[in-house]
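Observations on the three-dimensional arrangement
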Amino acid sequence: LLLVTANICYGQKDTITPKNIILGANTGIMIHGHAYAFDYFGHFTIEKGKSFLAIGPVIGLKLKPTNGYDYNPVDGQYQLNGLHIVYQLNPNPKGKRFDFYFLNEFMFLYYTDKGVLPFYYLNAYYYPIPIYKSYKFHQTDLEDYIGYGFKVKFLKNFYVNQNIGIGIIYTSSVIDYGDVDYNRSNHSFEPSVILKLGLGYTFNNKLKTAAIK
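Here's a quick rundown of the structure. (Residues numbered from 1 in each chain as written. Predicted model: local features only at pLDDT ≥ 70, side-chain atom pairs only at ≥ 80, totals over all residues. Heavy atoms only, no water.)

So, about the packing of aromatic side chains. What the rule picks out here adds up to ten aromatic pairs. Centroid distance Y201 to F203: 5.5 Å. Interplanar angle 75°. Geometry classified as edge-to-face. For Y201, a relative accessible area of 25% puts it in the partly exposed group. Residue F203 is classed as partly exposed on the basis of its relative accessible area of 34%. Grouped by ring-pair contacts, the aromatic residues F154, F158, Y201 and F203 constitute a single cluster. (Phe/Tyr/Trp six-rings, centres within 6.5 Å; stacked < 30°, edge-to-face > 60°. Buried < 20%, exposed > 50% of the residue type's maximum accessible area, 1.4 Å probe, protein only.)

Further remarks concern the environment of I146. Here I146 is to be found in strand β6 (residues 128–154). Residues I146 and I164, 18 residues apart in the sequence, show an inter-C-alpha distance of 8.4 Å. Not counting residues within four places of it along the chain, the set of residues in contact with I146 comprises L103, N104, G165 and I166. (Helix = DSSP H or I, 4+ residues; strand = E, 2+ residues; numbered from the N terminus. Contact = heavy atoms within 4.5 Å.)

This part is about unusual backbone geometry. In terms of backbone geometry, most residues other than glycine have negative phi values and most peptide bonds are trans. Residue L155 is not a glycine yet carries a positive backbone phi of 55°. Following the sequence through the fold, L155 ends up in the loop between β6 and β7 (158–176). Using a relative accessible area of 69% as the deciding quantity, one classes L155 as exposed.

For the rest of this paragraph, the subject is the environment of N163. By the element assignment, N163 lies in strand β7. Once the C-alpha coordinates of N163 and F100 are considered, the two residues, 63 residues apart in sequence, prove to be 9.3 Å apart. Setting aside residues up to four positions removed in sequence, N163 forms contacts with Y101, L103, E105, Y148, G149, I194, L195 and K196.

What follows concerns the nonpolar core. Judged by nonpolar contacts, the single largest core of 16 residues is most densely connected at M30, M107, Y135, F137 and Y177. Contributing elements (two or more residues each) for this core: β3 (51–65), β5 (98–122) and β6. Per element, the largest residue contribution to this core is five residues, and it comes from β5. (Core = buried A, V, L, I, M, F, W, Y, C linked by side-chain atoms within 4.5 Å.)

What follows is about the pairing of strand β2 (residues 39–48). Alternating positions in β2 separate cleanly, D39, F41, H43, T45 and E47 being buried on one face and Y40, G42, F44, I46 and K48 remaining unburied on the opposite face. Pairing of β2 with β3 involves seven bridges; the strand directions are antiparallel. Pairing of T45 across the sheet is with A54, part of β3. Linking β2 to β3, which pair antiparallel, is a turn of two residues; within it G49 sits at a positive phi near 60°. (Pairing = 2+ DSSP bridges.)

A word on the pattern of salt bridges. Evaluated as defined, the whole model comprises three salt bridges. K196 is paired through a salt bridge with E105; the nearest N and O atoms lie 2.8 Å apart. Here K196 is found in strand β8 (residues 184–212), whereas its partner E105 is found in strand β5, with 91 residues between them in sequence. (Salt bridge = Lys/Arg side-chain N within 4 Å of Asp/Glu carboxyl O.)

All right, on to the side chain of N92 then. Tracing the chain through its elements places N92 in the loop between β4 (71–89) and β5. For N92, a relative accessible area of 18% puts it in the buried group. Here the side chain of N92 touches D99 through a polar contact of 2.9 Å, side chain to side chain. Other than its neighbours up to four places away in sequence, N92 contacts D99 and F100. (Polar contact = N/O pair within 3.5 Å; in protein donor to acceptor, adjacent residues only side chain to side chain.)

See below:
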């Protein structure tokens, strides 16, 4: 009697769980930091699950020394001032028209300028005499905020979002006249707030990733 047996091997199969990465764009206005004026931002956004990441430039007014000691924004002169990064946590399930979120956002801002400014001193007759000196100015701002916000979806792919946050700002500024008797510098930590309003769009195409177990 011939017995024929078949060996059957059982192995663990790979389980693939698809995830969607949603790409988009977001732009808007914000007031923050030293509150010189409204700044403008433009973000490229990536959303996966409950996490949302946005990164993009900050456009704002140019800063310029005005009286030999201080500096102020220049009306109408907008420029690229820095980089804005946002991490957002969306606790609610997808599909809601109204949604809220928590976020942390970081900004790196850099201002620079050069030119000539007058310094004034009093002569023997107490008459102010100007001394013109060339200068180089630069300022760095590092800002970090934690906050809360909400977004409202409309149409199919558009949404408006608004958030408010509190945080801290580190400022380092230098006005260099090439003379230690005139040079000015400042380094400080200060509490700060941010208020932001934006308009966003999500693209129809979704990138799928696979998590292999």
